[in-house]
Amino acid sequence: MSVRILALVGSLRAGSHNRQLAEAAVKLAPEGAEVNLYEGLAEIPFYNEDIDVEGSVPAAAARLREAANAADGLILFTPEYNGTIPAVLKNAIDWLSRPYGAGALSGKPVAVVGTAFGQYGGVWAHDETRKSVGVAGGKVLEDVKLSIPGSVTRFAETHPSDDAEVAQQLTEVIARLHGDVSEAAAA
């Protein structure tokens, strides 16, 4: 069984180290796992219940929900903005959480990882993202953690996929997510 993993990146910057980390995940996905990097978070309007109406959901939000519904699990790559989750990622989680109790995240395994410039690698943002995803109905893999500090220097001249330590850790995260999805499917 091939496991489909949807990757969402909480940074919109073209040269984002978290985007590079997500690209590495696509490249390093073990056999039996397919990681798809989602494009288009910038086009999704801020969540507003007034526009989340069946039959007239904004197209960009509908595409995100379709992609998440088609996935077996998700991996979220997030930097840390002012000690917390970037707005674009929080907005995606908000759209995926609805309708309440039956959103696209409901019961799906989700891993949260990332890199940031600071000495803790975005730990606060990762913890807040796990909390938000859990409240939104996702099955957060709480013990799967990868917070890479010093992104600006560590990845100044090296793509994350070419950093042996990061590549190994990221491969382990994907393998764990793959295993959790497979285990859930067998149950």
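For clarity, every value in this text was computed on a predicted model and none was experimentally measured.

Q: Tell me about the overall build of the chain, and please be specific about residues and values.
A: Within the chain, the regular secondary structure consists of six helices and five strands. Listing every helix and strand of the chain by position from the N terminus yields β-α-β-α-β-α-β-α-β-α-α. A compact globule built from 187 residues would reach a C-alpha radius of gyration of about 16 Å, and the chain, at 16 Å, matches this within 12%. Its C-alpha atoms put the chain at 45 × 40 × 25 Å along the principal axes. By sequence separation, contacts in the chain at least 24 residues apart represent 78% of the contacts at least 6 residues apart. Only carbon and sulfur atoms are counted for the fraction: they give 52% of the accessible area of the chain, which is about 9,000 Å². Distance between charge centres in the chain, computed from 15 positive and 24 negative side chains, equals 2 Å.

Q: Explain the pattern of salt bridges residue by residue, including any values.
A: Here the idea is simple: oppositely charged side chains can pair when their charged atoms come close. Here the structure, examined in full by the defined rule, presents 10 salt bridges. Across the pair Asp72 and Arg4 runs a salt bridge, and its minimum N-O distance is 3.3 Å. Of this pair, Asp72 sits in the loop between helix H2 (59-70) and strand E3 (73-77) while Arg4 is found in strand E1 (residues 3-9), placing the two residues 68 residues apart along the sequence. Where Asp143 meets Arg176, a salt bridge forms, and the shortest distance between an N and an O atom there is 3.0 Å. Residue Asp143 is located in strand E5 (residues 139-148), and its partner Arg176 is located in helix H6 (residues 164-186); the two are separated by 33 residues in the primary sequence. Given the relative accessible area of 57%, Asp143 is considered exposed. Using a relative accessible area of 32% as the deciding quantity, one classes Arg176 as partly exposed. When salt bridges with common partners are traced through the structure, they connect Arg19, Glu23 and Glu39 into a single cluster.

Definitions and limits used
- Residues numbered from 1 in each chain as written.
- Predicted model: local features only at pLDDT ≥ 70, side-chain atom pairs only at ≥ 80, totals over all residues.
- Heavy atoms only, no water.
- Helix = DSSP H or I, 4+ residues; strand = E, 2+ residues; numbered from the N terminus.
- Rg over C-alpha atoms; globule rule 2.2 N^0.38 Å.
- Contact = heavy atoms within 4.5 Å.
- Areas by Shrake-Rupley, 256 points an atom, 1.4 Å probe, with all protein chains shown as cover.
- Lys, Arg positive; Asp, Glu negative; His and termini not counted.
- Charge placed at Lys NZ, Arg CZ, Asp CG, Glu CD.
- Salt bridge = Lys/Arg side-chain N within 4 Å of Asp/Glu carboxyl O.
- Buried < 20%, exposed > 50% of the residue type's maximum accessible area, 1.4 Å probe, protein only.

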